[in-house]
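Working through the structure, step by step
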Amino acid sequence: MMKLWLVIFSVISPFSVQPAATSAAHDLPWTVLEEKTPEVNLAVDRSEPVEAFRTLNDISLEDNMHQMLYHKGQPIDIKEDPYLGCPEFAFQDVKVGLCEDTGEIQYIHIDASQERFKLNQQWIDMDLRSIQEELGDPYVIAEDGEVYLRGDQALKVYLKSGTDQIEGIDLFDATLS
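Report on the accompanying structure. (Residues numbered from 1 in each chain as written. Predicted model: local features only at pLDDT ≥ 70, side-chain atom pairs only at ≥ 80, totals over all residues. Heavy atoms only, no water.)

**What to know about the pattern of salt bridges**
Applying the stated criterion across every chain, the model contains six salt bridges. Notably, a salt bridge pairs Lys 72 with Asp 93, separated by 3.0 Å at the nearest N-O pair. In this pair, Lys 72 sits in helix 2 (residues 65-72) while Asp 93 sits in the loop between strand 2 (87-90) and strand 3 (95-99), placing the two residues 21 residues apart along the sequence. The salt bridge partner of Glu 133 is Arg 129, with a shortest N-O separation of 3.8 Å. Pair noted here: Glu 133 and Arg 129 are both in helix 3 (residues 128-135), with a separation of four residues, about one helical turn. A residue is classified by how much of its surface remains accessible, and Arg 129, at 63% relative accessible area, is exposed. (Salt bridge = Lys/Arg side-chain N within 4 Å of Asp/Glu carboxyl O. Helix = DSSP H or I, 4+ residues; strand = E, 2+ residues; numbered from the N terminus. Buried < 20%, exposed > 50% of the residue type's maximum accessible area, 1.4 Å probe, protein only.)

In structure tokens form, the structure reads like this:
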């Protein structure tokens, strides 16, 4: 499955898009009265409402244990994530999966019980319409939610099956999933 995603990503890579060639008539003097630069929007130039996922509720995927504890204080609870085999640190507004042996944060999770969440120091209401207004169109619409990609990071909005009701939000490194 991972190989299939790698093939899909390489085919739809923004680097595979080539700019449109300018018309040959553009160089002829009788066709140009007032030169206007044509507007060309390449996939790599597309301005996203949010250009990168730096933090989710003040935690970054690049943070280490010390930085996480500095931002959030002592966790309310620590449980082992059954899928990763790493501890999940529960704070009041966020859960963080951090593998202590590597020191890397694997994911940052927000429950739907939160009324809003903070993405890159900007508050967003916990409803699908507000999220879509801030993030634009999802990269992928899956059975269980919508996925937004920015570079190597993915933000997934989990939805209750057949509805727009949010169950949670995860930020993770898309290259590791």
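Having put the structure on the table, let's press on.
**Focus: the environment of Ile 124**
Structurally, Ile 124 can be placed in strand 6 (residues 122-125). Here the alpha-carbon distance between Ile 124 and Glu 134, two residues ten residues apart in the chain, equals 7.7 Å. Excluding residues that lie within four positions of it along the chain, Ile 124 makes contacts with Arg 116, Phe 117, Leu 119, Ser 130, Ile 131 and Glu 134. (Contact = heavy atoms within 4.5 Å.)

**Quick word on the environment of Phe 172**
When you line up the elements, Phe 172 lands in strand 10 (residues 166-173). Residue class for Phe 172 comes out buried when judged on its relative accessible area of 17%. When the C-alpha positions of Phe 172 and Lys 156 are compared, they lie 8.3 Å apart, and in sequence the two are 16 residues distant.

**Some remarks on helix 3**
For an α-helix, the turn length of 3.6 residues means that residues three or four places apart are oriented alike. Those residues of helix 3 that fall on the buried side of the exposure criterion are Leu 128, Ser 130, Ile 131 and Leu 135. Along the axis of helix 3, the buried residues cluster in a sector spanning 160°; they form a single face. Of the residues in helix 3, the exposed ones pointing more than 90 degrees away from the buried face are Arg 129 and Glu 133. Buried residues belonging to helix 3 abut strand 5 (116-119), strand 6, strand 8 (145-150), strand 9 (153-159) and strand 10. Positioned one or two residues after helix 3, Gly 136 has a phi angle of 85°, which is positive. (Arc of directions from axis to C-beta.)

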